[in-house]
Amino acid sequence: MPLNDALQSEGFVTAKLDDVINWARRNAIWPMPLGISCCAIEMMAFAGPRYDVARFGAEVFRFSPRQADLLIVAGTVTYKMAKVVRKIYDQMPDPKYVIAMGVCTVSGGIYRTYSVVQGINQFLPVDLYVVGCPPRPDSLLKGLMMIQENIKNDRPIAKGTVIGGTEPEPLDIAIPMIEGPAKQTDSRTSRIYMN
Amino acid sequence: MFTFEDLQQKNPALEFQKVDVGGDEAALVSRNDILEVASRLKNEFGFDQVMDALGHDRMEKRDRFEITYNLRNHTTKQRIFLKVRCDERDAHVPSLVSVWTGANWHEREAYDMFGVSFDGHPDMRRMYLPDDFEYYPLRKDFPLMGVPGSLPLPHHEDADPRFDLANRGE
């Protein structure tokens, strides 16, 4: 029976509490934008009207980490900045997710020098890597949908833990999940890796 | 147009040596004379702005480091260069902040990258790198990937050591 009919005839529906909690969590992700360099422009396009992240319920960008549950690290992280990034991560309430956006964040990218951290997974648990220089906004949207899928499969109550206290099981190595929607003529290939 | 001969004619006691930088007027001045030369350039010849102060590692036994000041006269639209050198063991030169206040951050940057300190600078701290960093990265003997362990990262208990390139010594 469709949901509307069920509500009108019976006045209630039955569901697992896990599903209800996860439904609410995944459709109201509040991102904390950490636009450190040029990837931030693509992140803004991801939030803007053309790509419109509001379709996925994540349009409420919070500039306070205490109100956010998804950290988007968009840009080159230097060793001096790493302390700040970690501090912002630590201030976010659980459950929290981290997207490493762009190759500089993922692996240092073209900046193979003394001052740039060669991958933020050295000091942060990263949930999703969105690769590209910069990645296209639709790649980041796909990444957000994969985070939502991850939340959907979470079982906070069934695992007997505090609600949201669970973290996705990290895989041993990063596996390429999808080929990016980059056009053939576009040299900026985007790929997404799930940790 | 100003040439360093004008300065020499007006002040015969000053010692400096003209150098070729590909067209513009430039002179190498000793550490003792640079403050005098700088203030005369500003007050008598109208070089009212220091556009930049650059460090340079010449990798030579004597006078290893060179600081180049890029000066500009906004009335005649002329640009000249003023150079001063110092040894590695005695790496300090007089600061020109007392003449041009704008030299402050440029000199701090040169100190940050080359370790040449500026005497009389009001705020001789590092510019870009963390305050507790012990090295000077634009020196020629500094390795590109840095010195392992010299820049600590925040603690992360799940960090994968395979990705820790800085401490793996690559």
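Here the structure is a predicted model, which is why all the values come from computation and not from measurement.

Asker: Which residues make up the overall build of chain A, and what are the values?
Answerer: Within chain A one finds 6 helices and 6 strands. The order of helices and strands in chain A, counted from the N terminus, is α-α-β-α-β-α-β-α-β-α-β-β. Per-residue burial over chain A gives 38% buried out of 195 residues. Counting only contacts in chain A whose residues sit at least 6 apart along the sequence, the fraction spanning at least 24 positions is 75%.

Asker: Help me get a handle on the packing of helix α2 (residues 17-26) of chain A against helix α6 (residues 137-152) of chain A, residues and values and all.
Answerer: Residue and element names in this part refer to chain A. Put simply, α2 and α6 touch, their axes get as near as 9 Å, and they point 160° apart. In this view, α2 runs roughly antiparallel relative to α6, as classed from their interaxial angle. Considering how the two elements wind past one another, α2 and α6 form a crossing that is right-handed. Residues Asn22, Arg25 and Arg26 of α2 touch α6, and the partners they reach there are Gln148, Ile151 and Lys152.

Asker: Talk me through the pairing of strand β5 (residues 78-86) of chain B; I want residue IDs and the actual numbers.
Answerer: Residue and element names in this part refer to chain B. With 5 bridges joining them, strand β2 (residues 25-29) and β5 adopt parallel strand pairing. What sits directly across from leucine 28, in β5, is lysine 83. The pairing of strand β4 (residues 65-73) with β5 spans 9 bridges and is classified as antiparallel. Bridging from a neighbouring strand, leucine 71 pairs with isoleucine 80 of β5. Counting the residues between successive antiparallel strands, the hairpin from β4 to β5 contains 4 residues, one of them, lysine 77, with a positive phi of roughly 60°.

Asker: Now, about helix α4 (residues 79-91) of chain A: what can you tell me, with residues and values included?
Answerer: All names here are of chain A. For α4, spanning 13 residues, the distance from its first C-alpha to its last is 19 Å, which sits close to the expected 18 Å at 1.5 Å a residue. Inspection of α4 places Tyr79, Ala82, Val85 and Tyr89 among the buried residues, and these make up the whole buried set. Projection of α4 onto a plane perpendicular to its axis shows the buried side chains occupying an angular sector of 85°, all on one side. Against the buried residues of α4 lie β1 (31-35), β2 (70-74) and β3 (97-101).

Asker: Break down the environment of aspartate 87 of chain B for me, citing the residues and quoting the values.
Answerer: All names here are of chain B. Inspection of the secondary structure assignment puts aspartate 87 in the loop between β5 and β6 (92-94). Distance in space between the C-alpha atoms of aspartate 87 and lysine 42 is 27 Å, their sequence separation being 45 residues. Those residues in contact with aspartate 87 that lie beyond four places of it in its chain are Arg62, Asp63 and Arg64.

Asker: Could you give me a rundown of the nonpolar core, with the residues and numbers involved?
Answerer: Soluble globular proteins: nonpolar side chains tend toward being buried together. Judged by nonpolar contacts, the single largest core of 45 residues is most densely connected at Leu71, Val73, Ala100 and Met101 of chain A. Beyond its immediate stretch of four places on either side in the chain, methionine 101 of chain A contacts Cys39, Met43, Ile72, Val73, Ala74, Val130, Pro135 and Leu140 of chain A. Membership of the second largest hydrophobic core comes to 31 residues, among which are Leu71, Val97, Met113 and Tyr136 of chain B.

Asker: Go over the sheet that holds β5 of chain B, please, and point to the residues and values.
Answerer: Residue and element names in this part refer to chain B. Sheet architecture is open: 5 strands sit in the order β1-β2-β5-β4-β3, paired in mixed fashion. Looking along the sheet, the strands with just one partner apiece sit at the ends: β1 (16-18) and β3 (49-57). Averaged over all pairs of adjacent strands, the angle between strand axes in this sheet comes to 25°, irrespective of strand direction. Its contacts with the sheet place helix α2 (residues 34-45) against β1, β2, β4 and β5, and it is angled at close to 170° to β5. Sheet contacts for helix α3 (residues 103-114): β3 and β4; angle to β3, the most-contacted strand, approximately 10°.

Analysis parameters
Residues numbered from 1 in each chain as written. Chains lettered and ligands numbered in written order. Predicted model: local features only at pLDDT ≥ 70, side-chain atom pairs only at ≥ 80, totals over all residues. Helix = DSSP H or I, 4+ residues; strand = E, 2+ residues; numbered from the N terminus. Buried ≥ 20, exposed ≤ 12 C-beta atoms within 10 Å, placed from the backbone. Contact = placed C-beta atoms within 7 Å. Axes fitted to C-alpha atoms, helices over the stretch in contact; angles between N-to-C directions. Parallel < 35°, antiparallel > 145°, perpendicular 65-115°, else oblique. Left-handed = near helix turned anticlockwise from the far one by under 90°. Pairing = 2+ DSSP bridges. Expected span 1.5 Å × (residues − 1). Arc of directions from axis to C-beta. Core = buried A, V, L, I, M, F, W, Y, C linked by C-beta atoms within 7 Å.

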